[in-house]
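Breakdown of the fold
Spelled out, the chains give:
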Amino acid sequence: MITDLRLQQFRSYKDESFEFGDGVNIIVGPNASGKTNLLEAILVLARGGSYRAKDVELVQFTKPWARLDAHTDNGLRTMKLLTEPRPSKNYELDGKPYQRLSLQHTLPTVLFEPNNLLMLTGIPDARRLYLDDLLEQTRPGYGAVRQRYRRTLAQRNSLLKKGHQVAATQIFPWNLRLGELAGTIVRARLELVAAMNKRISKLYKDLSHGTNRATITYQPMFNPDNYETELLKKLEASLELDTLRGFTAHGPHREDFATLLDKHPVQTSASRGEARTLTLALKIIELQILEAARGSRPLLLLDDVFSELDGARRHALTDHLQPYQTVITTTDADVVMQHFMNKCN
C-alpha cells in the first residue's frame, strides 16, 4: 500500500503531495492537468521506470534533478533522478541505498491505460511486451534473460548490417547464444499463457454477461521442447537471407499470441466492445497472477479507462477491483463515483 506521495520537479509538478486510501482513489481533473503524470510517478516508484518515457524526460524542463518520496507498508521509498553532470538514478528503501530495483524490491503493480485497448487488435509488439512485462514481475531472473536476449539480438543484427564482409564464423557464437536465451523465453511465455487460459473464459463471461468462449494461443515458431536446436538450425540456414534483410527474422522477438472468441480471432471478428472486455479480462488476470506470485495484492493504476466502458462493464469491473488499492484518473468524477457507491478517496 502507498499512503502518500511527494513529487519534486517531476514532470509538471514543482513540489506537490498527495494522500491515498487503501481502497479506490480517484484523481479528477481536466485534460493536461497532470493526472497521468501522477499515475506515472507511482509506477516509477513501484517498478523503477516509466511506461512511456526515458528517465531524463521525467525531470522538469531545465531542472537538474527530480525526486519522488512515498510511504508504504515497508517504510519510506525514495527515487532521485539527476540530469547533471550526467544522467543517473538511485533509490532509497527505508533508508537503504540502491542503484536499481531487483524484483524483490519492486512493488507489484498493474497499469491499465487507453493504449492497452488496442493491444489485442494492434501490432504484435504490444502483445509480446504484455507477456514479457508480466513475466519480469513474477519470474525471478526473467528480466535478466530478456535483457541479454535483446543485447544478443542487437549484436547479431549489427553484424548482419555489415553484409558479406562479416564471416559466418563470427556470427555463429551469437546464433548459439540467441538460441539458448530464446528457448528460456518461449517456454516461460507458454507457461504463462497456459495459466491465463485457465481463467480467461470464465472471466470474460463474467464481464460481458455473454456466452462466448475466450481462449489464448501462443504461436511459437519451433517445437518448444527443442526450441534452441531448431532455432539454431534456422539461423544458420537463413544467414544469407538475414544478411540481405539486415535483421534476424526468426525467434521470440517475432512471435505472437492470438486471442480467440469461439475459435475466431479477435483481430478480425470481435467488435470494439468485445475487444475492450477481453483486454479488461487480461488485466484482471494480471492482477491475480501477480498476487499469487508475489504474495501480496498489487496496486492497480487505471488511466482514463472508464470513459471507454459502458455502464454494465463498469459495474462488472468494479466488482473485481474492490480488494485492491486502486488509483483511477478521470475527467468525470460523477460517472465513477456512482459505480463505487461513494466508497472512495
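Judged by pairing direction, the sheet is parallel, and its 4 strands sit side by side in the order β3-β13-β12-β8 without closing on themselves. Edge positions in the sheet fall to β3 (24-28) and β8 (109-112), since each has one partner strand and no second. Mean inter-strand twist for the sheet, computed between neighbouring axes without regard to direction, equals 15°. Where helix α1 (residues 35-47) meets the sheet, it contacts β3, β8, β12 (299-303) and β13 (326-330), and its direction lies at approximately 155° from that of β12.

Attention shifts here to empty space enclosed by the protein. According to the stated counting rule, one finds 1 cavity of 30 Å³ or more in the structure shown. Each pocket or cavity is described by its volume, and for the largest cavity that value is around 50 Å³. Every residue lining the largest cavity is listed: Phe112, Leu280, Lys283, Ile284, Leu287, Leu300, Leu302, Leu317 and Leu321. Listed by contribution, the elements that provide at least two residues to the lining of the largest cavity are α8 (272-294), β12 and α9 (311-321). Element by element, the count of residues in the lining of the largest cavity is highest for α8, at 4 residues.

Volume-wise, the largest pocket comes out at about 1400 Å³. Looking at the largest pocket, it is lined by 40 residues, and the ones nearest its centre are Arg47, Ser50, Asp133, Glu136 and Arg146. Looking at the lining of the largest pocket, the elements with two or more residues in it are α1, β6 (88-93), α2 (124-138), α3 (142-161) and α8. Element by element, the count of residues in the lining of the largest pocket is highest for α2, at 7 residues. Split into classes, the residues belonging to the lining of the largest pocket amount to 16 nonpolar, 13 polar and 11 charged. As a volume, the second largest pocket reaches approximately 510 Å³. Along the walls of the second largest pocket sit 22 residues, with Met1, Asn74, Leu107, Pro108 and Ser296 positioned nearest its centre.

Before going further, it helps to spend a moment on the side chain of His250. By the secondary structure assignment, His250 is in the loop between α6 (239-245) and β10 (256-261). If sequence neighbours within four positions are ignored, His250 has contacts with Met221, Phe222, Leu231, Lys234, Leu235 and Ser238.

With that out of the way, let us pick up the packing of aromatic side chains. We describe a pair of aromatic rings using the distance from one ring centre to the other and the angle between the two ring planes. Taken as a whole and assessed by the stated rule, the structure comprises 2 aromatic pairs. When the centroid spacing of 5.4 Å and the interplanar angle of 75° are considered together, the rings of Phe222 and Tyr227 count as edge-to-face. Tyr227 matches Phe222 in its accessibility class, with the two residues each being buried.

Bringing helix α5 (residues 227-237) into the picture now. The set of residues buried in α5 consists of Tyr227, Leu231, Leu232 and Leu235. Summarising the axial view, the buried residues of α5 lie within an arc of 125°, below the 170-degree limit, and thus occupy one face. For α5, the exposed residues set more than 90 degrees away from the buried face come down to Lys233 and Ala237. Along its buried surface, α5 packs onto α3, α4 (168-208) and α6.

This next bit is on the pairing of β6. The side-chain alternation of β6 yields one buried face, formed by Lys89, Tyr91 and Leu93, and one unburied face, formed by Ser88, Asn90 and Glu92. Looking at chain direction, strand β5 (residues 75-82) and β6 are connected through 6 bridges and run antiparallel. The residue bridging Lys80 from the neighbouring strand is Asn90, located in β6. Counted along the chain from β5 to the antiparallel partner β6, the turn is 5 residues long. Linking β6 back to strand β7 (residues 96-98) in an antiparallel pair, the connection comprises 2 residues, with Asp94 at a positive phi of about 50°.

This part is about the nonpolar core. Core analysis: the largest hydrophobic core is formed by 57 residues, its most contacted members being Tyr130, Leu131, Met196, Ile200, Leu278, Leu282 and Leu302. Residue contributions to this core peak at 13 residues, all from α4. Setting aside anything within four residues of it in sequence, one finds Leu278 in contact with Leu120, Ile200, Tyr204, Ala214, Thr259, Leu261 and Val266.

Each value, and the rule that gives it
Residues numbered from 1 in each chain as written. Predicted model: local features only at pLDDT ≥ 70, side-chain atom pairs only at ≥ 80, totals over all residues. Heavy atoms only, no water. Pairing = 2+ DSSP bridges. Helix = DSSP H or I, 4+ residues; strand = E, 2+ residues; numbered from the N terminus. Axes fitted to C-alpha atoms, helices over the stretch in contact; angles between N-to-C directions. Contact = heavy atoms within 4.5 Å. 1 Å grid on protein atoms, 1.4 Å probe; cavity = no way out; pocket = protein on both sides within 12 Å on 5 of 7 lines; lining within 4 Å. Points joined across faces, edges and corners; volume = space filled by probe spheres on them. Nonpolar A, V, L, I, M, F, W, Y, C, P; charged D, E, K, R; others polar. Phe/Tyr/Trp six-rings, centres within 6.5 Å; stacked < 30°, edge-to-face > 60°. Buried < 20%, exposed > 50% of the residue type's maximum accessible area, 1.4 Å probe, protein only. Arc of directions from axis to C-beta. Core = buried A, V, L, I, M, F, W, Y, C linked by side-chain atoms within 4.5 Å.

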